[in-house]
Amino acid sequence: MKNDKKAKKDNIILIGMPSAGKSTIGVLLAKRLGYSFVDADLVIQEKTGKLLKEIIAERGLDGFLRVEEEVNAELSAHRSVIAPGGSVIYGERAMEHLRELGTVVYLKISYEELVRRVGNVKDRGVALKEGMTLHDLYDERIAYYERYADLTVDEEEKAFGQVVDELRAYFEKGTRP
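So, here's what we can say about the structure. (Residues numbered from 1 in each chain as written. Predicted model: local features only at pLDDT ≥ 70, side-chain atom pairs only at ≥ 80, totals over all residues. Heavy atoms only, no water.)

1. Description of the packing of helix H2 (residues 40-48) against helix H3 (residues 52-73)
Piece 1. Closest axis-to-axis distance for the H2/H3 pair is 11 Å, and the angle between their directions is 110°. As the angle between them shows, H2 and H3 are arranged roughly perpendicular. H2 and H3 meet at a crossing whose hand is right-handed. Side by side, H2 and H3 meet where Ala40, Asp41, Val43, Ile44, Gln45, Lys47 and Thr48 of the first sit next to Leu52, Ile55, Val67, Glu68, Val71 and Asn72 of the second.
Piece 2. In terms of residue class, the contact of H2 with H3 is built from 7 nonpolar, 3 polar and 3 charged. (Axes fitted to C-alpha atoms, helices over the stretch in contact; angles between N-to-C directions. Helix = DSSP H or I, 4+ residues; strand = E, 2+ residues; numbered from the N terminus. Parallel < 35°, antiparallel > 145°, perpendicular 65-115°, else oblique. Left-handed = near helix turned anticlockwise from the far one by under 90°. Contact = heavy atoms within 4.5 Å. Nonpolar A, V, L, I, M, F, W, Y, C, P; charged D, E, K, R; others polar.)

Here it is as structure tokens:
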């Protein structure tokens, strides 16, 4: 872990690429810390009454990003692990709000690991701009994730359980791995 800044509030926000483990790690970490878990994509679906892919189909990628930013900018949570979608980093208002709610943790995976986990991009619902490749998306997002992260966890060659244990130790005891 690096970029070590202590929690400002009592929430943990997990950011990272699709399939970085935000939801999996988030649920496990919340259980171990006695926190609630908030899947921001599900909150978007609840508020709009539509699946994410339906929002994208109706409003386009830019329209979806506006909805995502609006919903994340209004999230309210206490002692929660929050897992927003991987594209939340494009919404500056949303990210500033999330940073006010708690510690932003970047779950970092390599491009090779992303490809291994995601497989067929279209089947996994990864929204790419016209003409953009998965590699382009990865390269574009890295700077955003690093910019907003209070803490970075490199998942290279780590099981989800190990990442959860490291984060738990950090948030309970301030212990660095």
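2. Section: the environment of Ala94
Piece 1. Mapping Ala94 onto the fold places it in helix H4 (residues 92-101).
Piece 2. Discounting residues that sit within four places of it in the chain, Ala94 has contacts with Glu69, Asn72, Ala73 and Val88.

3. Considerations on the side chain of Arg141
Piece 1. Inspection of the secondary structure puts Arg141 in helix H7 (residues 134-148).
Piece 2. Buried within the structure, Arg141 lacks any salt-bridge partner; Glu140 is the closest side chain of opposite charge, at an N-O distance of 5.5 Å.
Piece 3. Not counting residues up to four positions away in its chain, the partners in contact with Arg141 are Met17, Pro18, Gly86, Ser87, Ile89 and Tyr90. (Buried < 20%, exposed > 50% of the residue type's maximum accessible area, 1.4 Å probe, protein only. Lys, Arg positive; Asp, Glu negative; His and termini not counted. Salt bridge = Lys/Arg side-chain N within 4 Å of Asp/Glu carboxyl O.)

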